[in-house]
Amino acid sequence: MRAVQVLGFDGPAAVRCREVAEPVAGPHDVVIEVRAAGVAFPDVLHTRGLYQNRFEPPFTLGGEVAGVVRSAPASSALEPGDRVVALMQSGAYAEVVAVPTHLVLPLPDELDFAEGACLPVNYLTAHFTLHERGGLRPGETVLVHGASGGVGSATVQLAAAHGARVIAVTSTPEKADLARRLGADDVADVADFRSRVVELTGGRGVDVLVDPVGGDRFTDSLRCLRPRGGRLLVVGFTAGEIPTVKVNRLLLTNTDVRGVGWGAPAFAEPGVVTGQWSDIVPLIRQGAVAPVVGATFPLDRAAEALAVVDERRALGKVVVQL
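Residues numbered from 1 in each chain as written. Predicted model: local features only at pLDDT ≥ 70, side-chain atom pairs only at ≥ 80, totals over all residues. Heavy atoms only, no water.

Help me understand helix H3 (residues 120-133), please; the structure alone is not making it clear to me.
Think of an α-helix as 3.6 residues a turn; residues three or four steps apart then line up on the same face. The buried fraction of H3 amounts to 11 of the 14 residues, a majority that puts the element mostly inside the structure. The set of residues buried in H3 consists of Pro120, Val121, Asn122, Tyr123, Leu124, Thr125, Ala126, His127, Phe128, Thr129 and Leu130. At the C-terminal side of H3, Gly135 shows a positive phi close to 60°. (Buried < 20%, exposed > 50% of the residue type's maximum accessible area, 1.4 Å probe, protein only. Helix = DSSP H or I, 4+ residues; strand = E, 2+ residues; numbered from the N terminus.)

Printed below as a string of structure tokens:
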């Protein structure tokens with residue numbers, strides 16, 4: 001089969017589409033014929049050997065797929081031909097994958113395969129961020145950095161669906177327009193988002209701030225939190241720099257900085273992902289969650305797909321289609 005592999009840590013341009021052996025399925029694995037694979041920022045980091053879970057080359061990229069079941073354990077509820085999405089540690093950019101049963105989820109009929117490939121990492125991360133780590137309540141105000149990207153766009157939709165007021169931080173008019181279509185109530189430009197938050201909240205600040213970007217905006221993000229209960233949720237560092245926190249500010253303002261590490265419980269604890277899915281599927285069927293496919297690339301052009309994410313040019317989710 002064909003698969004996109006990292007042969008050395010030389011960045012997105014150095015990945016290669018190669019012929020490799022099909023995976024050997026274990027007794028509890030579902031074998032899936034892949035129709036689409038999501039492209040995420042951790043994939044970019046993997047091409048440089050910079051992600052926390054590092055694999056040694058050669059290895060196949062990718063952590064989320066949508067496709068059709070070829071075979072499944074008798075103990076599962078899945079049958080050959082079922083449309084599914086699935087999570088993986090790596091290996092998604094391939095024609096066939098084998099995935100543990102508890103990480104395979106039914107794909108609702110309302111979505112095609114490209115849309116399905118947008119769901120596993122971004123929407124489950126956003127759900128975990130807002131609900132388990134953020135404790136979001138209806139009526140609260142949420143600020144979302146990187147609101148037009150993969151995790152950001154999912155967060156905007158899920159927060160709006162939960163009854164929150166959403167302020168989206170974007171960097172171009174096109175990204176601002178997308179954020180509004182996703183359900184953002186207000187938009188702030190990244191260059192002056194702090195002053196815009198003061199204006200929009202009457203100086204009160206936001207209840208929840210979701211930050212998948214990090215970098216030099218972090219201090220101003222802390223200053224956007226409302227005193228006595230504001231929560232800043234650290235999702236990632238697409239800006240590259242990992243910021244630090246002067247904890248005296250947290251003490252003086254009674255605010256929180258909370259890490260969001262969804263991957264570890266998702267992969268290790270059966271039931272985490274399926275529980276989240278049961279919350280998200282009704283929102284898909286209601287039309288409240290509609291993944292935005294920003295660009296698609298064939299498997300042999302995966303390097304170009306990774307470059308779009310690396311250079312933060314994506315409007316929505318980038319997908320590799322097979």
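It is not clear to me how the packing of aromatic side chains should be interpreted in this structure. Could you clarify?
For any pair of aromatic rings, geometry is given as the distance between the ring centres together with the angle between the planes. Following the criterion strictly, the structure yields 1 aromatic pair and no others. Ring centres 5.5 Å apart and planes at 50° place the aromatic pair Phe55 and Phe59 in the tilted group. Judged by relative accessible area, which is 7%, Phe59 ranks as buried. Geometry around Phe113 places Arg83 over its ring, the cationic atom sitting 5.2 Å from the centre. (Phe/Tyr/Trp six-rings, centres within 6.5 Å; stacked < 30°, edge-to-face > 60°. Lys NZ or Arg CZ within 6 Å of the ring centre and 35° of its normal.)

Where do I start with the pattern of salt bridges in this structure?
Pairing is possible between side chains that carry opposite charge, provided their charged atoms lie close to one another. Scanning the entire structure with this criterion turns up 20 salt bridges. Residues Arg196 and Glu199 are paired through a salt bridge, measuring 3.0 Å at the closest nitrogen-oxygen approach. With Arg196 and Glu199 both in helix H6 (residues 193-201) and 3 residues apart, this pair spans about one turn of that helix. Owing to a relative accessible area of 23%, Arg196 belongs among the partly exposed residues under this scheme. Beyond isolated ion pairs, a larger network of salt bridges with shared partners links Glu22, Glu33, Arg35 and Arg70. (Salt bridge = Lys/Arg side-chain N within 4 Å of Asp/Glu carboxyl O.)

Teacher, can you tell me more about helix H11 (residues 302-310) here?
Every buried residue of H11 is accounted for by Ala302, Ala305, Leu306, Ala307, Val308 and Val309. Against strand S1 (2-6), strand S3 (29-39), helix H1 (41-47), strand S15 (293-298) and strand S16 (317-321) lie the buried residues of H11. At the C-terminal side of H11, Arg312 shows a positive phi close to 55°. (Contact = heavy atoms within 4.5 Å.)

It is not clear to me how the nonpolar core should be interpreted in this structure. Could you clarify?
A general trend in soluble globular proteins is that nonpolar side chains are found buried together. Formed by 90 residues in total, the largest nonpolar core has its most connected members in Tyr93 and Val142. Looking at this core element by element, the count peaks at 7 residues for S3. Formed by 16 residues, the second largest nonpolar core is a distinct cluster that contains Ile167, Leu200, Leu222 and Leu232. (Core = buried A, V, L, I, M, F, W, Y, C linked by side-chain atoms within 4.5 Å.)

Looking at this model, I keep getting lost on the environment of Ala77. Mind explaining?
If you trace the backbone, Ala77 turns up in the loop between strand S5 (64-71) and strand S6 (83-87). Through-space distance from the C-alpha of Ala77 to that of Ser221 is 44 Å; in sequence the pair is 144 residues apart.

Even after reading the chapter, I still don't get the sheet that holds strand S14 (residues 256-259), so can you show me in this structure?
Note on sheets: strands pair through backbone hydrogen bonds, and any given pair is parallel or antiparallel. If you walk across this open sheet you meet the 6 strands as S11-S10-S9-S12-S13-S14, and the pairing is parallel. Since the sheet does not close on itself, it has two edges, and those belong to strand S11 (186-189) and S14, each with one partner. For this sheet, the mean inter-axis angle between neighbouring strands, taken without regard to orientation, is 20°. Both strand S9 (residues 141-144) and strand S12 (residues 208-211) contribute to a ladder of 3 bridges, which runs parallel. Its bridge partner being in S12, Leu143 is matched across the sheet by Leu209. (Pairing = 2+ DSSP bridges. Axes fitted to C-alpha atoms, helices over the stretch in contact; angles between N-to-C directions.)

In this structure, what is going on with the environment of Pro42? I would like to understand it.
Along the chain, the position of Pro42 falls in helix H1. Sequence spacing of Pro42 and Gly62 is 20 residues, and the spatial spacing of their C-alpha atoms is 8.6 Å.

Quick question: what am I supposed to make of the sheet that holds strand S4 (residues 59-60) here?
Strand order in the open sheet formed by 3 strands is S2-S1-S4, with antiparallel pairing between adjacent strands. Whereas interior strands pair on both sides, the edge strands pair on one side only; in this sheet they are strand S2 (16-19) and S4. Of the pairings in the sheet, the one linking S1 to S2 comprises 4 bridges and is antiparallel in character. Paired with Arg2 across the bridge in S2 is Glu19.

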